[in-house]
Amino acid sequence: MKTFADLQIGTYSQQLAYRLLTELDLMAALKHYSPVLCGTIPLGIDIPSSDLDVICEVRQFERFERTVTALYGELPQFRLKRKTIRGVPTVKANFRYQGKAFELFGQPQCVECQYAYLHMKIEHMLLMAHPEWKEKAIEMKKQGVKTEPAFASLLGISGDPYEGLLAYGKKAFGIGC
């Protein structure tokens, strides 16, 4: 799992993510929201269609929406959406930059307690323990399987893969909030 600064010396897609995020000044522009790049790119299990998922701690949705719209609203395929995910109010902004899809994901909780962050930490630990799973996860993603269901499958977890992965991570690694 890479920190933002580590991306500049990582894989090709990690270096690309670093360059694009830097060109957009995204991490600095949204620093008030504690942005963290999550998902497959920091883990090095991305495929060409993988997007850049940036999670944020957002307590004032209207302010976040105004900020994001002012910064990125003119970019292709920009859209904002509010929804409730697992009982948590959520705001999402999507857009494209230099041909790459971005998703800004905000919830009113610290980023370290959001599912995307917790899943990424658990998946990182699993890849450290089972390096052979990296290629298996990539192959499953190429076949259209989302990341959490891929890891749940590798672990033999049935049922909700998102909850199952969290339960596994808490028990095996003490990861949780």
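See the structure above.
Source: prediction; values computed, not measured.

Enquirer: Please set out the overall build of the protein chain residue by residue, giving values where relevant.
Expert: Helix and strand counts for the protein chain stand at eight helices and five strands. Its helices and strands in sequence order give the protein chain the pattern α-α-β-α-β-α-β-β-β-α-α-α-α, from N to C terminus. For a compact globule of 177 residues, the expected C-alpha radius of gyration is about 16 Å, and the protein chain comes in at 16 Å, within 12% of that figure. Counting over 177 residues, the protein chain shows a buried share of 44%. For the protein chain, long-range pairs separated by at least 24 residues make up 55% of all intrachain contacts whose partners lie at least 6 apart in sequence. In the form shown here, the protein chain has an accessible surface area of approximately 9100 Å², with 52% of it arising from carbon and sulfur atoms.

Enquirer: So what's going on with the nonpolar core? Residues and values would help.
Expert: Proteins that are soluble and globular tend to have nonpolar side chains buried together. Of all hydrophobic cores here, the largest spans 26 residues; its most connected members are L26, L37, V54, F64, F95, F102 and L104. Put simply, the parts of the chain that give this core at least two residues each are α1 (12-23), α2 (26-29), β2 (52-57), α4 (61-72), β4 (88-97) and β5 (100-107). Discounting residues that sit within four places of it in the chain, L26 has contacts with L21, V54, Y72, F95, F102 and L104. Judged by nonpolar contacts, the second largest core, of 21 residues, contains I55, V111, L118 and L165.

Enquirer: An account of the packing of aromatic side chains is requested, with residue identities and associated values reported.
Expert: Considering all chains together, one arrives at four aromatic pairs under this definition. Each ring, one from Y72 and one from F95, has its centre 5.1 Å from the other, and the planes form 15°; the classification is stacked. Residue Y72 is located in helix α4, and its partner F95 is located in strand β4; the two are separated by 23 residues in the primary sequence. Here F95 and F102 contribute two aromatic rings whose centre-to-centre distance is 5.1 Å and whose plane-to-plane angle is 10°, an arrangement assigned as stacked. The same class applies to F95 as to F102, namely buried. Aromatic rings pair up to connect Y72, F95 and F102 into one cluster.

Enquirer: Can you break down α4 residue by residue, with the values?
Expert: With twelve residues, α4 should cover 16 Å at 1.5 Å per step; its first-to-last C-alpha distance of 16 Å lies within 8% of that length. Among the structural elements, α2, β2, β3 (79-85), β4 and β5 are those in contact with the buried residues of α4.

Enquirer: Talk me through the state of the cysteines; I want residue IDs and the actual numbers.
Expert: Inspection of the entire model under this criterion finds one disulfide. In this model C113 forms its disulfide with C177; the gap between the sulfur atoms is 2.0 Å. Across the S-S bond of C113 and C177 the torsion is about -95°, and the bridge reads as left-handed. One end of the pair, C113, is in the loop between β5 and α5 (115-129); the other, C177, is in the segment after α8 (161-173), and 64 residues separate them in sequence. On the basis of relative accessibility, which here comes to 23%, the residue C113 falls in the partly exposed class. Residue C177 is classed as exposed on the basis of its relative accessible area, which comes to 60%.

Enquirer: Could you give me a rundown of the packing of helix α7 (residues 147-155) against α8, with the residues and numbers involved?
Expert: Packing of α7 against α8 leaves a shortest axis separation of 9 Å and a crossing angle of 60°. Between α7 and α8, the angle falls in the class oblique. When the axes of α7 and α8 are compared, the crossing they make is left-handed. Contact with α7, carried on its side by E148, P149, F151, A152 and L155, involves P161, Y162, L165 and Y168 of α8 and no other residues of that element. The class makeup of the residues in the contact of α7 with α8 is eight nonpolar, no polar and one charged.

Enquirer: Describe the sheet that holds β3, naming the residues involved and giving the relevant values.
Expert: Pairing within the open sheet is mixed, and its five strands lie in the order β1-β2-β5-β4-β3. Both outer strands of the open sheet, β1 (36-38) and β3, are each paired with one neighbouring strand and no more. The average angle at which neighbouring strand axes cross in this sheet is 30°, direction not considered. Docked against the sheet, α4 engages β2, β3, β4 and β5, running at close to 0° with respect to β4.

What counts, and where the lines are drawn
- Residues numbered from 1 in each chain as written.
- Predicted model: local features only at pLDDT ≥ 70, side-chain atom pairs only at ≥ 80, totals over all residues.
- Heavy atoms only, no water.
- Helix = DSSP H or I, 4+ residues; strand = E, 2+ residues; numbered from the N terminus.
- Rg over C-alpha atoms; globule rule 2.2 N^0.38 Å.
- Buried < 20%, exposed > 50% of the residue type's maximum accessible area, 1.4 Å probe, protein only.
- Contact = heavy atoms within 4.5 Å.
- Areas by Shrake-Rupley, 256 points an atom, 1.4 Å probe, with all protein chains shown as cover.
- Core = buried A, V, L, I, M, F, W, Y, C linked by side-chain atoms within 4.5 Å.
- Phe/Tyr/Trp six-rings, centres within 6.5 Å; stacked < 30°, edge-to-face > 60°.
- Expected span 1.5 Å × (residues − 1).
- Disulfide = S-S within 2.5 Å.
- Axes fitted to C-alpha atoms, helices over the stretch in contact; angles between N-to-C directions.
- Parallel < 35°, antiparallel > 145°, perpendicular 65-115°, else oblique.
- Left-handed = near helix turned anticlockwise from the far one by under 90°.
- Nonpolar A, V, L, I, M, F, W, Y, C, P; charged D, E, K, R; others polar.
- Pairing = 2+ DSSP bridges.

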